[in-house]
Amino acid sequence: MADSVSIAAIPLLREKALAIRAHAEPYAKGIHVSNPSIALLAGYQVRVCDALVTLITDLDTTDEEELSADLRRLFHCILRLAKLSRFFVQGESPVLQSDILVPWDDVVKKVHPDAALIIRTQSAYEFEARVEIREVFEKSLPLQLSLRDIFRGFPRYFLVFNIPAIEAWNVLHQTLLAHEIGHFIYKCQRLDDIAFAILAKHLPDIKRLFDDAFVKGLAGVASHTYEQFQEWVSGIVASRFKELMSDIFALQIVGPCIVTALRDFGLPGYSLDFTSDDGTMFLYYPSFRTRFLALLKRVDVFFQSDGSGGNGNVMTQWCEDLKQWQAALLASGPPPTSPFSTVDNIVEECVDAASEKLEGSTCRWAYDRQIFQHEVLPLYNRIVEKIPPNELRCGEHQTAPASWQSILNAAWLSYSYNSAWALDVLRFPETRQTDSDPTVRHHALLEFNEFIARSLEMAIVHRQFLNQKSTMDGVFD
Amino acid sequence: MSEFERSDILELANIASAVNKTLRQYERAHTLSNHRHILARGRNLIGYILAGSLRSEPEVVERLLPEGADVYESVRAYRYAKEVWTRGQDSPLDDAQFFTTLHAYAACLDQIESRKPFDEWSPAQVRDLSGFTHFLRELERLLSGKLNSRHAASLIQESA
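Procedures and definitions
- Residues numbered from 1 in each chain as written.
- Chains lettered and ligands numbered in written order.
- Predicted model: local features only at pLDDT ≥ 70, side-chain atom pairs only at ≥ 80, totals over all residues.
- Heavy atoms only, no water.
- Helix = DSSP H or I, 4+ residues; strand = E, 2+ residues; numbered from the N terminus.
- Buried < 20%, exposed > 50% of the residue type's maximum accessible area, 1.4 Å probe, protein only.
- Contact = heavy atoms within 4.5 Å.
- Areas by Shrake-Rupley, 256 points an atom, 1.4 Å probe, with all protein chains shown as cover.
- Rg over C-alpha atoms; globule rule 2.2 N^0.38 Å.
- Lys, Arg positive; Asp, Glu negative; His and termini not counted.
- Charge placed at Lys NZ, Arg CZ, Asp CG, Glu CD.
- Pairing = 2+ DSSP bridges.
- Axes fitted to C-alpha atoms, helices over the stretch in contact; angles between N-to-C directions.
- Expected span 1.5 Å × (residues − 1).
- Polar contact = N/O pair within 3.5 Å; in protein donor to acceptor, adjacent residues only side chain to side chain.
- Buried area = accessible area lost by both parts, 1.4 Å probe.
- Salt bridge = Lys/Arg side-chain N within 4 Å of Asp/Glu carboxyl O.
- Parallel < 35°, antiparallel > 145°, perpendicular 65-115°, else oblique.
- Left-handed = near helix turned anticlockwise from the far one by under 90°.
- Nonpolar A, V, L, I, M, F, W, Y, C, P; charged D, E, K, R; others polar.
- Core = buried A, V, L, I, M, F, W, Y, C linked by side-chain atoms within 4.5 Å.
- Phe/Tyr/Trp six-rings, centres within 6.5 Å; stacked < 30°, edge-to-face > 60°.
- Lys NZ or Arg CZ within 6 Å of the ring centre and 35° of its normal.

(A) Quick look at the overall build of chain A. Within chain A, the secondary structure is distributed over 18 helices and 5 strands. Residues classed as buried in chain A amount to 52% of the 477 residues present. Partitioning the contacts of chain A with sequence separation of at least 6, the portion at a separation of at least 24 is 80%. Accessible area for chain A stands at about 21800 Å²; split by element, carbon and sulfur atoms hold 54% of it.

(B) Region of the structure containing the overall build of chain B. Of the regular secondary structure elements, chain B holds 6 helices and 0 strands. For a compact globule of 160 residues, the expected C-alpha radius of gyration is about 15 Å, and chain B comes in at 16 Å, within 12% of that figure. With respect to the principal axes defined by its C-alpha atoms, chain B has extents near 60 × 35 × 30 Å. Among the 160 residues that make up chain B, the fraction classed as buried is 54%. A separation threshold of at least 6 residues defines the contact pool for chain B, and within that pool the share at least 24 residues apart is 67%. In chain B, the 20 positive side-chain charges and the 23 negative ones have mean positions that sit 5 Å from each other.

(C) Here's a closer look at the sheet that holds strand 3 (residues 157–164) of chain A. Residue and element names in this part refer to chain A. One open sheet holds the 3 strands; their spatial order is 1-3-2, and the pairing between them is mixed. For this open sheet the edge positions go to strand 1 (115–122) and strand 2 (128–132), each flanked by a neighbour on one side alone. Across the sheet, the mean angle separating the axes of adjacent strands is 25 degrees when strand polarity is ignored. The sheet contact formed by strand 2 and strand 3 spans 4 bridges and is antiparallel. Bridge pairing in strand 3 places Glu-132 opposite Leu-159. Set on the sheet, helix 4 (residues 102–111) makes contact with strand 1 and strand 3; between it and strand 1 the angle comes to about 140 degrees. On top of the sheet, helix 7 (residues 177–188) reaches strand 1, strand 2 and strand 3; it is set at about 155 degrees to strand 3, its chief contact.

(D) Highlighting helix 3 (residues 64–85) of chain A. With 22 residues, helix 3 of chain A extends 31 Å between its outermost C-alpha atoms, agreeing within 8% with the 32 Å of an ideal straight helix rising 1.5 Å per residue. Structurally, the start of helix 3 of chain A carries an N-cap: the backbone nitrogen of Glu65(A) is 2.9 Å from a side-chain oxygen of Asp63(A).

(E) Region of the structure containing the interface of chain B and chain A. Counting residues at the interface gives 43 residues for chain B, matched by 38 residues for chain A. Each partner contributes to the roughly 3700 Å² buried at the junction of chain B and chain A, and carbon and sulfur atoms together form 53% of this total. By the criterion of area lost to chain A, the three top residues of chain B are Asn14(B), Leu54(B) and Val71(B), representing 18% of everything that side buries. Along the contact surface separating chain B from chain A lie 10 salt bridges. The residue Arg141(B) makes a salt bridge to Glu65(A) at a minimum N-O spacing of 2.3 Å.

(F) A look at the pairing of strand 3 of chain A. The buried fraction of strand 3 of chain A amounts to 8 of the 8 residues, a majority that puts the element mostly inside the structure. Every second residue of strand 3 of chain A is oriented toward a common face, with Tyr157(A), Leu159(A), Phe161(A) and Ile163(A) on one face and Phe158(A), Val160(A), Asn162(A) and Pro164(A) on the other, all of them buried.

(G) Here's a closer look at helix 17 (residues 404–417) of chain A. The end-to-end C-alpha distance of helix 17 of chain A is 20 Å, a good match for the 20 Å that 14 residues give at a rise of 1.5 Å each. Of all 14 residues in helix 17 of chain A, 14 are buried, a share of seventy percent or more.

(H) The side chain of Ser56(B), seen in detail. Residue and element names in this part refer to chain B. Its location among the elements puts Ser-56 in the loop between helix 2 (36–53) and helix 3 (58–64). From its side chain, Ser-56 meets the backbone oxygen of Leu-50 in a polar contact 3.2 Å long. Beyond its immediate chain neighbours, meaning those up to four positions away, Ser-56 contacts Leu-50, Val-61 and Phe-99.

(I) Local environment of the pattern of salt bridges. Scanning the model with the defined rule gives 35 salt bridges over all chains in all. Between Asp50(A) and Arg21(A) there is a salt bridge whose closest N-O contact spans 2.5 Å. Residue Asp50(A) is located in helix 2 (residues 36–57), and its partner Arg21(A) is located in helix 1 (residues 4–28); the two are separated by 29 residues in the primary sequence. You can call Asp50(A) partly exposed: its relative accessible area is 34%. The structure contains a network of salt bridges with shared partners spanning Arg36(B), Arg43(B), Arg63(B), Asp110(B) and Glu113(B).

(J) Highlighting the packing of helix 2 of chain B against helix 5 (residues 95–113) of chain B. All names here are of chain B. One can describe the packing of helix 2 onto helix 5 by two numbers: an axis separation of 10 Å at closest approach and a directional angle of 165 degrees. Put simply, helix 2 runs roughly antiparallel to helix 5. When you trace helix 2 past helix 5, the crossing you get is left-handed. Residues Arg-36, Leu-39, Gly-42, Arg-43, Ile-46, Ile-49, Leu-50 and Ser-53 of helix 2 pack against Phe-98, Phe-99, Leu-102, His-103, Tyr-105, Ala-106, Leu-109, Asp-110, Ile-112 and Glu-113 of helix 5. Counted by class, the contact of helix 2 with helix 5 contains 11 nonpolar, 3 polar and 4 charged residues.

(K) Just the nonpolar core, in detail. All names here are of chain A. Membership of the largest hydrophobic core comes to 204 residues, with the highest contact counts inside it found for Leu-52, Trp-104, Phe-241, Met-245, Ile-253 and Phe-292. With 15 residues, the top contributor of residues to this core is helix 10 (residues 226–254). Residues within four places of Ile-253 in sequence aside, it is in contact with Trp-104, Val-107, Ala-178, Ile-181, Ile-185, Trp-365, Tyr-367, Trp-404 and Gln-405.

(L) Expanded view of the packing of aromatic side chains. Applying the stated criterion across every chain, the model contains 30 aromatic pairs over all chains. Centre to centre, the rings of Phe302(A) and Phe372(A) are 5.5 Å apart; their planes meet at 75 degrees, and the pair counts as edge-to-face. Placement of Phe302(A) in the loop between helix 13 (288–299) and helix 14 (314–331) and of Phe372(A) in helix 16 (residues 369–384) is noted, with a sequence separation of 70 residues between them. For Phe302(A), a relative accessible area of 5% gives the class buried. Given the relative accessible area of 0%, Phe372(A) is considered buried. With centroids separated by 5.8 Å and ring planes inclined at 40 degrees, the aromatic side chains of Tyr26(B) and Trp121(B) adopt a geometry described as tilted. Placement of Tyr26(B) in helix 1 (residues 3–29) and of Trp121(B) in the loop between helix 5 and helix 6 (123–159) is noted, with a sequence separation of 95 residues between them. Grouped by ring-pair contacts, the aromatic residues Tyr44(A), Phe137(A), Phe151(A), Phe154(A) and Phe158(A) constitute a single cluster. Across from the ring centre of Tyr226(A), 5.5 Å away, lies the NZ or CZ of Lys207(A), which sits over that ring.

On their own, these measurements won't tell you what the molecule is for.
What follows is the structure, given as structure tokens:
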């Protein structure tokens, strides 16, 4: 028979599970919830809690050791559930809902039809693919629970993306959501299999690195076992590989504007090359130089056709500036330093192998380069003439909604090359801070954002109308 | 320790516990019902460890982990398993012996799955089964300890 301390812990755990359930229940019933995804998520939280309460009630108390182990794991499981409950506290972290976010949800569904997405704001100044909810639930719950029953009707993937609250209004910066969707694509494509194979190939190099570091007595490394070192290096490689592939997928989702968006967002706060002062960024993220070079190496395909416009137009200039920037980044790179050059080489090999694996595969979520070449310049011209870039003429009296990616590209193009905002995000090795009054620039950006957001909204609603019309057999004709 | 790492450790601890309970039940009753899912997770656990070693045949890992594995999660599983494996040994054993033992553990799961009568198990296979339950219990202990110490560290950090 178990001792009294373990027995006494059982009702406490049950109470905690019931408290989490009570917290989730109003959201599950749709009280104070504007986003149906939150209600759906809360409904499953309630189901999970119910199952846990049953499990706790039925705990076998005959074996002390077993009971105490069960209680320990259930305690940590409930801790994880309590953390998930924070998703329902909307006051702290509002969930964004707007027509202009619809395309992101569409892309996620094109990656996997049984996927749902919540976009939240957070105080931290970073974009992140925070969690895949179902995976978190499944990892935390005891295997005795029937997950199949609990998650009946729940999406196969339920993604939560966080974006900085301070940038939530900024449609241009929402471009970076493409990178977060890239993480989801990485997962669905099972690219970790490539990392396993290439890490295995480089085990002798990793061992050499360890021995070298051990001999030199490098702080922090000498106290590690080789297994810990191997785990550390594998973690760095896997993380950097995932980041680079997510960038590459982002380029395929939104086109060349991802380069500009990444630069505009990243470089004011970070230098091109991380140092150890950048903490985890230094270890787990490729440097911005590496990220830009990976993108610039692949951006060409969008510009190859003559459809992008004649010589001397802004599209040609954009393409040339990107090439010049690529050359400048290559020429100004710091000399490689061991041991990170070894890690970088392994990561590069992973990226090349993944690119080769994915070459030629059809991606329903990708932005068609011909649409880019056909739409971006006319949309840019509309912006210059202060006409909303929401549609394009396709006949004498007919218009068609522009694709959302083309609007984003035209907007970034205008933002980058319009001297009124003087950002010059493309033409200088480092973002140049101008002497112009930052407040004036901020107001100009707010106004520009409003203009682009409404244009995007119009294009999206127009497209939705056409899609519905096509399914209604001429009712609207 | 990141939130993701905690989830991974909790998942491994949950698998180790459930598989251990199921195997002990089998040792006692020589029969099982509704066990398919738990045994599959047991195979997953061995798959994580083998994949995380970075030295295993991809085909073997693929069989144990048909849905694929996450690099970081697997290399961590390998380290924890190796820690348990080397803990009780008088002299250090190499990975080859470790892998042979893991394969023997996976074979135990296959035998139960295929409903091979227990009295047809060889003495070596019975020993493997017993070794497997011991390994799982120790692994779960180690992982629970890690979760507890990380939780305590978070509490100290939050109250500092």
